[in-house]
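Residues per chain are reported as follows:
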Amino acid sequence: MIHSDLKTLSRALKEKQISSVELARLFLERIARLNPELNAFITVDEEKTLVAAKAADLRLASGSAGMLTGIPLAQKDLFCAQGWRTTCGSKMLENFVSPYDAAVVTKLEHEAGMVSLGKVNMDEFAMGSSNETSWFGAVKNPWDKTCVSGGSSGGSAAAVAAYLAPVATGSDSGGSIRQPAAFCGLSGIKPTYGVVSRYGMVAFASSLDQGGVIAHSAEDCAFVLAAMAGFDERDSTSLERPPEDYSRLLGQPLQGLKIGLPQEFFGAGANAEVVAAVLSAVEEYKRLGAKIVDVTLPNSHLSVPVYYVIAPAEASSNLSRFDGLRYGYRAPDCNDLREAYTKSRAQGFGAEVKRRILIGTYVLSHGYYDAYYLKAQRVRRLIADDFRRAFQKCDVILGPTSPTTAFKIGERSADLVALYLSDIYTIAVNLAGLPGLSIPCGFDSNGLPIGLQLIGNYFAEARLLNVAHRYQEATDWHTRRPQEFCGEF
Amino acid sequence: MNAWEIVIGLETHAQLATRSKIFSGASTAFGAAANTQASPIDLALPGVLPVLNKGAVECAIRFGLAVEATVAEKSVFERKNYFYPDLPKGYQISQFELPIVQGGHLNIMVGQGEKSYEKRIRLTRAHLEEDAGKSLHEDFHGRSGIDLNRAGMALLEIVSEPDMRSAEEAVAYAKALHALVRWIGICDGNMQEGSFRCDANVSVRRPGASLGTRREIKNLNSFRYLKEAIEFETRWQIETLEDGGSFEQATVLFDPATGKTRAMRSKEDAHDYRYFPDPDLLPLFIAAEWIERERAALPELPVAKRQRFISDYGLSAYDAATLTASLEMADYFEATVRASNPAAAKLCANWVMVDLAARLKREDREISEAAVSAAQLGGLVARIADGTISNAIGKKVFDALWMGDGVNADEIIAKQGLKQITDSDAIEKLVNDALAANPGSVSEYRAGKEKAFNALVGQVMQAAKGKANPQQVSELLRQKLSTN
């Protein structure tokens, strides 16, 4: 049962082959047994989970259940959930219990009736590409426990890859859903900016952050995205659009689909095995009837520097509220206000968060604002223009999700630029606000999964999922799982 | 000393009369227990987001129209970053580069009566922002308390050009602005509760010289403090400069107890607020139709009303300005005129500005709490105008109305028999009696003492219980005293 896709789980629940409580217990048992090896979960609360599962069973019995009612999920630990500890992977919020629900929590748990198994690990305040910046320790990749699971939604990816949860929420500001999905052999989608409400999702970089899903398949992504998306008047950047069934185009043939290959995504930085796997996926798409066109994203090489101006600038301001006064970590034995601020923040934040606060404060400072922040905003528009021109020639853009497969834990902590460059293909998508997804397309010689990124035009989620789903019907990369975690108990 | 010119500009924070806060749904009612009106958004919990209150935007549009400013088609909310315990997010959402109201002006009356003059004060801008909470340093035995009820209240910060040249002009401007924001219903103007507070930028220079170094006096929440603070500050600046000294640009606080200002921080330790557009809020676009809707809903504005009072009722500019100091007073005056007659408008104006105002001041009441309604006062003025009673008896009737001794002036006049005696036979008898009874005064008058004449008038009026027509009495007395 734990290996089933969401459609199968939904049918089993509706046909009473299993109750939501029984299903939750199966996963809770696996979490209790296997999580210590992976460190995917930060908080598990069996009692809360079972209360929610019982409520789902009542809905199932009363016939008021939806497609996802009773299905468990793991929540990335930046979605505030009432009564749950919400840490953002930080010592600063180690003991913060949210008094309110994020929009995503309301939609998935209260409306759709999904059952939270707990809160999963992440890079501290979503700042990182390896999950190594978490105060709660690095997450291990189920494919190779000496490797990172990716970040910042590394806990989400590891939990799904090891069957500790059938699906997980994530958030993506520069690749934080797509890169861990790629590193763990999963499917993950980041929708168009404004599709999923950010209300209650702890902010890292407000103009880039977007909630999304990590799951076993594009089809599963479609079901969960449909339940979490939608206009929310509490988020001023939420887009007022009618609700959408993201699975409606899944079966549509790919005849005549125009796939754009940007030369910039296949350059010197990309690992040869990664490029080879992606190019063989291109061959598969040709067999499925797609046409390949060359496109160019001439400013994409600027996306990493632009991102490391804009994201830290917003973060430096967003994280000012963590001052130790009203909630969160407060340093002991402070003699005055200044000491309380400086010590609480010095002790409560980790090195990467502090680094980005410093960068962000610097680029917004008087005398530097124009040279850094304003210039970065202008380049950001150029990057978006690149995509606009490219989508005049093609329907979707295809390339690798990450230049490499999962790297060793600790390997890049000394070389931050190398670490930052691991998001080089994903960041431009956030800067432009476009939807992007990652699906598995092969393995490297170490047996680590390789991810394929598909980028769509604004609001083209259903089409993107269709393009991913047809590939998954024709291939089986997405069904491969690390042997160690495949046994059913 | 006279060779110095004082230059003043004001920044005024008007708390907008919205039911909920500018970026959250929390209530704005004053006086609730500490922190009971702070929502997760006001507390800046992790993950919360601001949503702009349309009501606050409407207030800003109305203000922009009332001061003939440009209401910006596009304005932008920015974050002003600094750490302070009563600023929960670590930044204040404000407007910086693109404020909602740009330019504009306010025409003010300065001074009293004959010496009064009109002056136009230009406005630089007005922008929307959120208020901070309150730090409470008393009551906690060495600790500080934070009340976030005020955090997130909608403010309109109105910035003037440095157009004022004296404390008196600054106060006149502040009063006119105070009247205007109440007039158009965007601010309750309650200065004690902090709904309307001013910062004054003050500098001095030799006439014709470029602007001198300015110091900003923060948080003046009464017109009296505004005046005292500016007067002290300008004296201090002039004395410092005349003694050969100098001073730096600084922010200062005014201590009402000592009447002095003292520096709070200098330019060197001024914050770098690191303003940048708030990514949680989209730029605010205001369509022309929205502006027109607000224009249509605006009441007649003070300046227009002042002009109309002058042309329609023949009032002096000073009287018209006094009567348009608040919408309530202007409405009361016009209702009084309607209840009497337009020809008696000047008399109505005097009654409202002098007798009613004095009574209100004595009882510390607002005009809305006047015990005599405009209709009652109008009825009273009508009886003075048509000669039924004298002005002096009018005051008696007014007192009776105030005490609730009758529903209108006519009833009181009838009940108390206050109708003026105009019958000349009756008056002649009263005059003859007075002359007979006061031979001393008669001879004093004839010896050239004018005072004696007044004493005789007094005697007649006393005998008539005030009801004799004073003009007739004095005419007849003079006639009798000169013929005999």
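Note that the coordinates shown come from a computational prediction; the quantities given were computed from them, not determined experimentally. (Residues numbered from 1 in each chain as written. Chains lettered and ligands numbered in written order. Predicted model: local features only at pLDDT ≥ 70, side-chain atom pairs only at ≥ 80, totals over all residues.)

(A) Spotlight on the overall build of chain A. On a plain count of helices and strands, chain A comes out with 15 helices and 13 strands. For 489 residues, the compact-globule formula gives about 23 Å, and the C-alpha radius of gyration of chain A, at 21 Å, lands near that figure. Judged by the C-alpha coordinates and their principal axes, chain A covers about 65 × 55 × 45 Å. Here chain A holds 489 residues, and the buried ones make up 61% of them. In chain A, 76% of the contacts between residues at least 6 apart in sequence involve partners at least 24 apart. (Helix = DSSP H or I, 4+ residues; strand = E, 2+ residues; numbered from the N terminus. Rg over C-alpha atoms; globule rule 2.2 N^0.38 Å. Buried ≥ 20, exposed ≤ 12 C-beta atoms within 10 Å, placed from the backbone. Contact = placed C-beta atoms within 7 Å.)

(B) Broad picture of the overall build of chain B. Helix and strand counts for chain B come out as 15 helices and 17 strands. Taken over C-alpha atoms, the radius of gyration comes to 29 Å for chain B, far larger than the 23 Å a tight globule of 484 residues would show. With respect to the three principal axes, the spread of C-alpha positions in chain B is 95 × 55 × 50 Å. Going through the 484 residues of chain B one by one, you find that 43% of them count as buried. The long-range fraction of contacts in chain B, counting pairs at least 24 apart against all pairs at least 6 apart in sequence, stands at 69%.

(C) Structural detail: the nonpolar core. Formed by 279 residues in total, the largest nonpolar core has its most connected members in A159(A), A60(B), F63(B), A170(B), Y173(B), A200(B) and V397(B). With twelve residues, helix α2 (residues 167–183) of chain B is the single largest residue contributor to this core. Residue contributions to this core reach at least three from each of two domains, namely domain 1 (5–292) and domain 2 (302–415) of chain B. The residues contacting F63(B), other than those within four sequence positions of it, are V101(B), A126(B), L156(B), V181(B), I184(B) and I186(B). Membership of the second largest hydrophobic core comes to nine residues, among which are L456(B), V460(B), V473(B) and L477(B). (Core = buried A, V, L, I, M, F, W, Y, C linked by C-beta atoms within 7 Å. Domains from an automatic or database assignment.)

(D) Quick look at the domain arrangement of chain B. By domain assignment, chain B separates into domain 1 (5–292), domain 2 (302–415) and domain 3 (424–483). Each of domain 1 of chain B and domain 3 of chain B has a C-alpha centre, and these two points are 63 Å apart.

(E) Main features of the pairing of strand β3 (residues 115–120) of chain A. Residue and element names in this part refer to chain A. Of all six residues that make up β3, six are buried, and the element is covered over most of its length. When strand β1 (residues 41–43) meets β3, the two strands line up antiparallel, connected through two bridges. Along β3, the bridge assignment pairs F41 with V120. Summarising the sheet, strand β2 (residues 72–76) and β3 pair through five bridges and their orientation is parallel. Counterpart to Q75 in the pairing with β3 is K119. Considered for its hand, the β-α-β crossover made up of β2, helix α4 (residues 103–111) and β3 is right-handed. (Pairing = 2+ DSSP bridges. Right-handed = clockwise from strand over helix to strand, strands pointing away.)

(F) How the structure looks around unusual backbone geometry. Residue and element names in this part refer to chain A. Note the cis peptide between G151 and S152, where omega equals 10°. With respect to the secondary-structure elements, S152 resides in the loop between β5 (144–148) and α5 (154–161). We note that A126 has phi near 65°; this positive angle belongs to a residue other than glycine. For A126, the location among the structural elements is in the loop between β3 and β4 (140–141). Phi is positive for D333, which is not a glycine, with a value near 55°. Position of D333 relative to the elements: it lies in the loop between α9 (303–318) and α10 (337–348). By the C-beta count within 10 Å, which is 7 here, D333 ends up exposed.

(G) How the structure looks around the environment of G70(A). Residue and element names in this part refer to chain A. Position of G70 among the secondary structure elements: in the loop between α3 (46–62) and β2. Through-space distance from the C-alpha of G70 to that of L9 is 8.9 Å; in sequence the pair is 61 residues apart. Among residues more than four places away in sequence, those in contact with G70 are L13, S20, L23, A53, A56, D57, L60, A65, G113 and V115.

(H) Summary view of the environment of Y285(A). All names here are of chain A. Checked against the element boundaries, Y285 lands in helix α8 (residues 272–287). A residue is classified by how many C-beta atoms lie within 10 Å of it, and Y285, with 23 of them, is buried. With near-sequence residues (within four places) excluded, Y285 lies in contact with L254, I259, A290 and Y471.

(I) Spatial organisation of helix α11 (residues 351–363) of chain A. Residues and elements named next belong to chain A. In this model α11 runs 18 Å from its N-terminal to its C-terminal C-alpha over 13 residues, within 8% of the 18 Å that 1.5 Å per residue would give. Within the sequence span of α11, burial applies to V353, R356, I357, G360 and V363. Relative to the axis of α11, the buried residues are bounded by an arc of 135° and lie together on one face. Facing away from the buried surface of α11 by more than 90 degrees, the exposed residues are A351 and L358. (Expected span 1.5 Å × (residues − 1). Arc of directions from axis to C-beta.)

(J) Quick peek at the packing of helix α1 (residues 54–66) of chain B against helix α4 (residues 288–297) of chain B. All names here are of chain B. Interaxial distance between α1 and α4 falls to 9 Å at its minimum, and their mutual angle equals 70°. As far as their axial angle goes, α4 and α1 are roughly perpendicular. Along its contact with α1, which presents E58, I61, R62 and L65, the element α4 presents W290, I291, E294 and R295. For the contact of α1 with α4, the per-class residue count stands at four nonpolar, no polar and four charged. (Axes fitted to C-alpha atoms, helices over the stretch in contact; angles between N-to-C directions. Parallel < 35°, antiparallel > 145°, perpendicular 65-115°, else oblique. Nonpolar A, V, L, I, M, F, W, Y, C, P; charged D, E, K, R; others polar.)

(K) Seen up close, the sheet that holds strand β5 (residues 91–95) of chain B. One open sheet accounts for three strands, arranged β5-β4-β16 (chain B); its pairing is antiparallel. Only two strands of the sheet have a single neighbouring strand rather than two, namely β5 and β16 (276–277) of chain B.

(L) Broad picture of α9(A). With 16 residues, α9(A) extends 21 Å between its outermost C-alpha atoms, agreeing within 8% with the 22 Å of an ideal straight helix rising 1.5 Å per residue. The element α9(A) is extensively covered by neighbouring structure, given that 14 of its 16 residues are classed as buried.

(M) Structural detail: the environment of F322(A). All names here are of chain A. Locating F322 in the fold gives a position in the loop between α9 and α10. Once the C-alpha coordinates of F322 and S238 are considered, the two residues, 84 residues apart in sequence, prove to be 25 Å apart. In this structure F322 touches M92, G328, R345 and G348, once residues within four positions along its chain are discounted.

(N) View of the pairing of strand β8 (residues 117–130) of chain B. All names here are of chain B. Relative to β8, strand β6 (residues 101–102) runs antiparallel, the two sharing two bridges. For Q102, the partnering residue across the bridge sits in β8 and is R125. In this antiparallel pair of consecutive strands, strand β7 (residues 105–110) and β8, the connection spans six residues, and G111 shows a positive phi of 85°. As judged from the seven bridges shared by β8 and strand β11 (residues 154–160), these two strands associate in the antiparallel manner. Each residue of the ladder has a partner; that of E130, found in β11, is A154.

(O) Region of the structure containing the confidence of the model for chain B. The pLDDT averaged across chain B works out to 92; a share of 99% of its residues lies at or above 70. Among the prediction metrics, the complex's ipTM stands at 0.96, with pTM recorded as 0.90. (pLDDT = per-residue confidence, 0-100.)

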